[in-house]
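Listed below are the residues making up each chain.
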Number of protein chains: 2
Amino acid sequence: MTAVQFLTVDQVRAVQRDFGTPVLVYDEATLVRQAREALGFPNAFGLTVRYAMKALPSGAILRLLHSLGLHIDASSGFEVLRAIRAGIPPEYIQLTAQELPADLDELVTAGIEFNACSLNQLAAYGRGFPGTALGVRINPGLGSGHNNRTNVGGPSSSFGIWHTYIPEVLETCAAHGLRVTRVHTHIGSGGNPDVWMKCARLSLDAAAQFPDVTTLNLGGGFKVARMPDETGVDVHEIGAVVRDSLEDFAEACGRKLRLEIEPGSFIVANAGALVAGVMDVVDTGAAGYRFIKIDAGMTDVLRPAIYGAQHPITLVPATDGERPEHEYLVVGHCCESGDVLTPAPGNPEGLLPRTLPEARLGDAVVIGGAGAYCSAMSCKNYNSFPEAPEVLLRENGDMQLIRERQTLEHMLENELLI
Amino acid sequence: MTAVQFLTVDQVRAVQRDFGTPVLVYDEATLVRQAREALGFPNAFGLTVRYAMKALPSGAILRLLHSLGLHIDASSGFEVLRAIRAGIPPEYIQLTAQELPADLDELVTAGIEFNACSLNQLAAYGRGFPGTALGVRINPGLGSGHNNRTNVGGPSSSFGIWHTYIPEVLETCAAHGLRVTRVHTHIGSGGNPDVWMKCARLSLDAAAQFPDVTTLNLGGGFKVARMPDETGVDVHEIGAVVRDSLEDFAEACGRKLRLEIEPGSFIVANAGALVAGVMDVVDTGAAGYRFIKIDAGMTDVLRPAIYGAQHPITLVPATDGERPEHEYLVVGHCCESGDVLTPAPGNPEGLLPRTLPEARLGDAVVIGGAGAYCSAMSCKNYNSFPEAPEVLLRENGDMQLIRERQTLEHMLENELLI
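What you see is a predicted model; the values in this text were computed from it and never measured.

Draft legend 1. A look at the overall build of chain A. Check the secondary structure of chain A and you find twelve helices and 22 strands. Of all 418 residues assigned to chain A, the portion counted as buried reaches 64%. In the structure as shown, chain A presents an accessible area of about 13,900 Å², 49% of it carried by carbon and sulfur atoms. Of the side chains in chain A, 32 bear a positive and 49 a negative charge, and the two mean positions are spaced by 2 Å.

Draft legend 2. Geometry of the domain arrangement of chain A. Residues and elements named next belong to chain A. Looking at chain A, the domain boundaries give domain 1 (9-25 + 269-412) and domain 2 (28-265). Across the contact, 22 residues belong to domain 1 and 19 residues belong to domain 2. Across the domain 1 to domain 2 interface the summed buried area is about 1,900 Å²; carbon plus sulfur atoms make up 56%. A per-residue breakdown of the area domain 1 buries against domain 2 is headed by N270, Y373 and E395, which together make up 26% of the total. Along the contact surface separating domain 1 from domain 2 lie one salt bridge. The shortest N-O distance in the salt bridge between E28 and R394 comes to 3.0 Å. Our count for the domain 1 to domain 2 interface comes out at nine residue pairs in polar contact (both at pLDDT 80 or more). Mapped by element, the contributors of at least two residues to the side of domain 1 that touches domain 2 are α11 (303-307) and β21 (390-393).

Draft legend 3. Region of interest: the packing of aromatic side chains. Inspection of the entire model under this criterion finds 16 aromatic pairs over all chains. Considering the side-chain rings of Y382(A) and Y373(B), the 6.3 Å spacing of their centres and the 70° angle between planes classify their relative orientation as edge-to-face. Note that Y382(A) is positioned in the loop between β20 (364-367) and β21 and Y373(B) in the loop between β20 (364-367) and β21 (390-393), a pairing that runs across two chains. For the residue pair Y382(A) and Y373(B), the accessibility class agrees, reading buried in each case. What links up through ring pairs into an aromatic cluster is the set F41(A), W196(A), F222(A) and F266(A).

Draft legend 4. Layout of the relation of the copies chain A and chain B. When chain A is fitted to chain B, the best match, at an RMSD of 0.0 Å, comes from turning it 180° and sliding it 0.0 Å along the axis. Both copies are brought into coincidence by an operation consistent with a two-fold rotation axis. For chain A, the smallest separation between a C-alpha atom and the rotation axis is recorded for C379(A), amounting to 2.4 Å. Take the interface residues of chain A: 100% of them recur as interface residues in chain B, which is what a same-surface contact looks like.

Draft legend 5. Highlighting a negative patch on the surface. On the surface, E37(A), D194(A), D234(A) and E237(A) cluster together into a patch of negative charge. For E237(A), the location among the structural elements is in helix α9 (residues 235-253).

Draft legend 6. Quick peek at the packing of helix α2 (residues 28-39) of chain B against helix α3 (residues 59-67) of chain B. Residue and element names in this part refer to chain B. The interhelical angle for the contact between α2 and α3, taken along N-to-C directions, is 45°, at an axis separation of 10 Å. In terms of their interaxial angle, α2 and α3 are classed as oblique. In the crossing of α2 with α3, the sense of the turn from one axis to the other is right-handed. Taking contact as the criterion, the partners of E28, L31 and A35 in α2 are, on α3, I61, L64 and L65.

Draft legend 7. Just the interface of chain A and chain B, in detail. With 99 residues of chain A at the interface, the matching set in chain B holds 99 residues. Summed over both sides, the interface of chain A with chain B buries roughly 8,600 Å², with 54% coming from carbon and sulfur. Counting across the chain A and chain B interface gives four salt bridges. Residue R85(B) pairs with E415(A) through a salt bridge whose shortest N-O separation is 3.8 Å. Linking chain A to chain B there are 39 residue pairs in polar contact (both at pLDDT 80 or more). For the side of chain A that touches chain B, a count of residues per class yields 45 nonpolar, 32 polar and 22 charged.

Draft legend 8. Fine view of the environment of G190(A). Relative to the elements of secondary structure, G190(A) occurs in the loop between β10 (179-186) and α8 (193-207). For the pair G190(A) and V282(A), spaced 92 residues apart in the sequence, the C-alpha separation amounts to 39 Å.

Draft legend 9. Spatial organisation of the packing of helix α6 (residues 119-128) of chain A against helix α7 (residues 166-176) of chain A. All names here are of chain A. The N-to-C vectors of α6 and α7 enclose an angle of 10°; their axes lie 9 Å apart at closest approach. In terms of orientation, α6 and α7 fall into the roughly parallel class. Together, L119, L122, A123, G126 and R127 of α6 and E168, V169, T172, C173 and H176 of α7 make up the contact between the two elements. A per-class count over the contact of α6 with α7 returns five nonpolar, three polar and two charged.

Draft legend 10. Quick look at unusual backbone geometry. Each neighbour pair has its own omega, and for T21(A) with P22(A) the value is -5°, a cis peptide bond. Of note, P22(A) is situated in the loop between α1 (9-19) and β3 (23-27). Within the chain, N383(A) stands out as a residue other than glycine whose phi angle is a positive 60°. Note on placement: N383(A) falls in the loop between β20 and β21. With a phi angle near 70°, N381(B) is a residue other than glycine that sits in the positive phi range. With respect to the element layout, N381(B) can be found in the loop between β20 and β21. The exposure class of N381(B) is buried, given its relative accessible area of 7%.

Draft legend 11. How the structure looks around the pattern of salt bridges. Residue and element names in this part refer to chain A. One pass over the structure, following the stated rule, counts 28 salt bridges over all chains. A salt bridge links R182 to E260; the shortest N-O distance between them is 3.6 Å. Of this pair, R182 sits in strand β10 while E260 sits in strand β12 (residues 258-261), and the two are 78 residues apart along the sequence. Owing to a relative accessible area of 4%, R182 belongs among the buried residues under this scheme. Residue E260 is classed as buried on the basis of its relative accessible area of 5%.

Draft legend 12. Representation of the nonpolar core in the model. If you look at the biggest cluster of nonpolar residues, it comprises 210 residues, and the most contacted ones within it are Y51(A) and Y51(B). Discounting chain neighbours no more than four positions away, the residues touching Y51(B) are L56(B), I61(B), L62(B), L65(B), L70(B), H71(B), I72(B), D73(B), P263(B), G264(B), I267(B) and V268(B).

Draft legend 13. Local environment of α8(A). Residues and elements named next belong to chain A. The end-to-end C-alpha distance of α8 is 20 Å, a good match for the 21 Å that 15 residues give at a rise of 1.5 Å each. All buried positions along α8 are accounted for by P193, W196, C199, A200, S203, L204, A206 and A207. Taken down its axis, α8 places every buried residue within 150° of arc, on the same side. Exposed and facing more than 90 degrees away from the buried side of α8 are D194 and K198.

Scoring rules and cut-offs
Residues numbered from 1 in each chain as written. Chains lettered and ligands numbered in written order. Predicted model: local features only at pLDDT ≥ 70, side-chain atom pairs only at ≥ 80, totals over all residues. Heavy atoms only, no water. Helix = DSSP H or I, 4+ residues; strand = E, 2+ residues; numbered from the N terminus. Buried < 20%, exposed > 50% of the residue type's maximum accessible area, 1.4 Å probe, protein only. Areas by Shrake-Rupley, 256 points an atom, 1.4 Å probe, with all protein chains shown as cover. Lys, Arg positive; Asp, Glu negative; His and termini not counted. Charge placed at Lys NZ, Arg CZ, Asp CG, Glu CD. Domains from an automatic or database assignment. Contact = heavy atoms within 4.5 Å. Buried area = accessible area lost by both parts, 1.4 Å probe. Salt bridge = Lys/Arg side-chain N within 4 Å of Asp/Glu carboxyl O. Polar contact = N/O pair within 3.5 Å; in protein donor to acceptor, adjacent residues only side chain to side chain. Phe/Tyr/Trp six-rings, centres within 6.5 Å; stacked < 30°, edge-to-face > 60°. Least-squares fit on C-alpha atoms with pLDDT ≥ 70 in both. Patch = residues over 30% accessible without salt bridge, like charges linked within 9 Å, V, L, I, M, F, W, Y side chains within 5 Å. Axes fitted to C-alpha atoms, helices over the stretch in contact; angles between N-to-C directions. Parallel < 35°, antiparallel > 145°, perpendicular 65-115°, else oblique. Left-handed = near helix turned anticlockwise from the far one by under 90°. Nonpolar A, V, L, I, M, F, W, Y, C, P; charged D, E, K, R; others polar. Core = buried A, V, L, I, M, F, W, Y, C linked by side-chain atoms within 4.5 Å. Expected span 1.5 Å × (residues − 1). Arc of directions from axis to C-beta.

Spelled out as structure tokens, the structure:
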């Protein structure tokens, strides 16, 4: 019996017993499969796949994905240092950041690839490294995200250089002898091939204005289906329209551009699960709700509480035998009414109960689809709960600890009492 | 010239220079004033003020508030340990938690006060400490929060024991010889005196069913005004209706109940400010927006991104002299379109520009009202950004470091590479 895509009921119980709860488990087989799928993205003149490490930056995950042939996209100077610390050679790391790191010179000298994301960033880079090649991130004026908060293109997005400023980019490059060899756009995480085609064409319009361009980087993630009723992006469908656009561009402009993509969720979302323990089961009477309280929550998986995101939820009973089913709301351990794992879809203030077997103390609750933006983007340490440990389920079935459970001493190491 | 309630322009520049940005600054004078205001809450038969430490749990803050006469409400066993570590005697700490800590027996033996928040918690406590006194948290069936996510009473809330289960509470108490001396309700963070009166009466209806009750704990925060156009709760107005209710109860039931309240935001919200640096200034053309990018964001202040919460924002120029004003969106440093400090009120997916002096690199941006649920409840370490340092502005004008800037090594101390 399977509790979640990659964990059997017995494995969930073994995780509970061996590591305690809550614990995040990542599946090597899924990571390998998704990395290979991304590496098979249709392309005309070569492909580089950069893993968007902000989705799940644990060192062991970075090493594994790099060993499969993935490069890295880092969103901050700290992410670059973290990737280097995990053993990724700098030349495999690209920095595309809102905030220019204080140690940019050292990072570039070490060998990373740099994408200038604003005119100020471009000028700063030019002063430090005149006469070199770099990428620029352009906001092509259109985004594909499924809501404002996942849209990183268009006029309401601060990401990249607004497309009408390309003349200023060229001026700054001329002033410092810079060559723009990579044009980067980042258009959200949508799944509609028509929007991708429009974005690819807009991006190529931008690329056409840079005489030295060799690479088109289409950042932005691919929509992932976490729930059975959701539809993820078809990378082959999207890839085909992008490939056609690159071929058309080659014919029109005589330049064969290498393609770069930057999947994050696509690689890791369904490779992760949170295994939590049932701490309590309560209800608010016959006209109210039944609640399962788990020993994790917004400290580990914040997406439901902020987006109304839906994650698969399975109850794994501690004991065998038949149980009746009930409608339950699943809530987290924080003293916070918003710490809910079962919001209404897209509405974090709404509630939508799930049908689950009768829950009892000591059972496990498994939250699926918890690989991307969960450990990485949670209300860590809220209510002073420590970071959960992370475990990698190897292809041979071994469970390997890749992050220890945080201690209170570790959490408070930088606190000073007066 | 004042940049924010308690920081002059010169002080902001001094903070920038001496501690670097981003940095959270807390104001001792405001903390003292708010603590005294809370201690002046009208009451009939005595008052205990418990600081809800989840709002801002830094050890130096806990010590300061304790020295002013405040007790502590902890939301987890980890918070209890943290408070003890900061020097708070256990008998001043009350635990009111969704998750029963694994070390409950040790904490109770050390001397903390315990509120049972479910029938299971009550039974577990009864097995460990038969024949003793404790509190119970009751869900009286009504909440006062301003939205579902700040409502911790009513049928959609999992907090406390649903009021119709009081007979089961009494049975469990009888089985273990427990005496309920404190009845605790927690009704959200509203500011309407009528709702508070209703909640107080419902809470007293619950209290009337416990023959040993000596204390009524009305948990739940007091609505705070962060913005000039917001109205905070009038504690005297609310306190008066609560006092009247307690007096009526004494007359009707012959029992004079001590009152406990649990302010969090009320004490610390406007005692905190985030001082960030301007990292970039960009725009999306004449028909688009102007953006100020700061070196902080949802990693430090998450409330705007999840609730559309409004915080005062001031630009403190690095240089003197007149500057024109513009409409700006202020965005954070994360590679995340939702990392916005200027959402539309109550709508995190909307945008509402602010009028600010022309921003230039090196200026400071001060986010006010950042004492509560900012450092405590943020997307810490997202994009691998380290925790910002925390500074206490003493009443004598000294700036004292109470948390050091986190290092990458500290952040990754529990990571294991394989």
